[in-house]
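Now for the letters of each chain:
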Amino acid sequence: MLFRSAHVQGRSRGGLLLRFIGDLSMLRTWLSRGLLAGVVAVTVLVPTLITLTVLNYRIGLTLVAVLAAGAAASLANGRSVRRATRSMRRRRSLLISNLDEQLQSLSVVQVFGRSGGEHARLSRQNESLNRSLYRVAELRGRLRAITSAVALLSVVSVLLVGMIEVRNGSATVGLAEGSAGSDRW
């Protein structure tokens, strides 16, 4: 991301430093966990769904419906995660900026007897950051719970539809059991 001169001048050193370090860390995480895992999931998921739909369209469509509902729930919760993460980054930037300023002017703070006031301000900022970090962790935990629930629900729904299909003679036990095991990527 390119910064305009006015944009950089309006930021504190702590905020700028955190921005560069945080962006590099986020990019690394996104590449290693997000992008690559997504490519692998799509590479496995699309052929599996196509094959299941060709073998038995009811099982395939059931799995597509469950996965689509899970994706919609994840996207809906993803917005709040982005907002909470943005807030957390802003609070972290303020705290680091304040620490940087205090370290640069430590002697002035000590001479004027402001140690107690600055400690109180840092404590408030730290508590605010902690609350923000807890919120981000809570929301990320919800996303993981959605993922786990969708995985379990997909297995259960495929087995139920497979059981009905086997009972009707539209599918074999091997297809139903194999379909339930094929979505464990």
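Please refer to the structure higher up on the page.
Computed from a predicted structure; not experimentally measured.

**Digging into the overall build of the chain**
- When its secondary structure is counted, the chain shows six helices and zero strands.
- Its helices and strands taken in sequence order, the chain reads α-α-α-α-α-α from the N to the C terminus.
- In the chain, buried positions account for 26% of the 185 residues.
- Of the contacts formed within the chain by residues at least 6 apart in sequence, a portion of 72% connects residues at least 24 apart.

**Considerations on a positive patch on the surface**
- On the surface, R79, R82, R83, R86, R90, R91 and R131 cluster together into a patch of positive charge.
- Of the residues forming the positive patch, the biggest block, six residues, is contributed by helix α3 (residues 57-104).
- With respect to the helices and strands, the residue R82 is situated in helix α3.

**Considerations on a nonpolar patch on the surface**
- Taken together, the side chains of L152, V156, L160, M163 and I164 make up a nonpolar region of the molecular surface, amounting to roughly 470 Å² of accessible area.
- Here M163 lies in helix α5 (residues 115-168).

**Things to note about the environment of G70**
- Here G70 shows up in helix α3.
- Its relative accessible area of 7% is what places G70 among the buried residues.
- Ignoring any residue separated from it by four or fewer positions in sequence, one finds G70 in contact with I146 and V150.

Rules used throughout
- Residues numbered from 1 in each chain as written.
- Predicted model: local features only at pLDDT ≥ 70, side-chain atom pairs only at ≥ 80, totals over all residues.
- Heavy atoms only, no water.
- Helix = DSSP H or I, 4+ residues; strand = E, 2+ residues; numbered from the N terminus.
- Buried < 20%, exposed > 50% of the residue type's maximum accessible area, 1.4 Å probe, protein only.
- Contact = heavy atoms within 4.5 Å.
- Patch = residues over 30% accessible without salt bridge, like charges linked within 9 Å, V, L, I, M, F, W, Y side chains within 5 Å.
- Areas by Shrake-Rupley, 256 points an atom, 1.4 Å probe, with all protein chains shown as cover.
- Salt bridge = Lys/Arg side-chain N within 4 Å of Asp/Glu carboxyl O.
- Lys, Arg positive; Asp, Glu negative; His and termini not counted.
- Charge placed at Lys NZ, Arg CZ, Asp CG, Glu CD.

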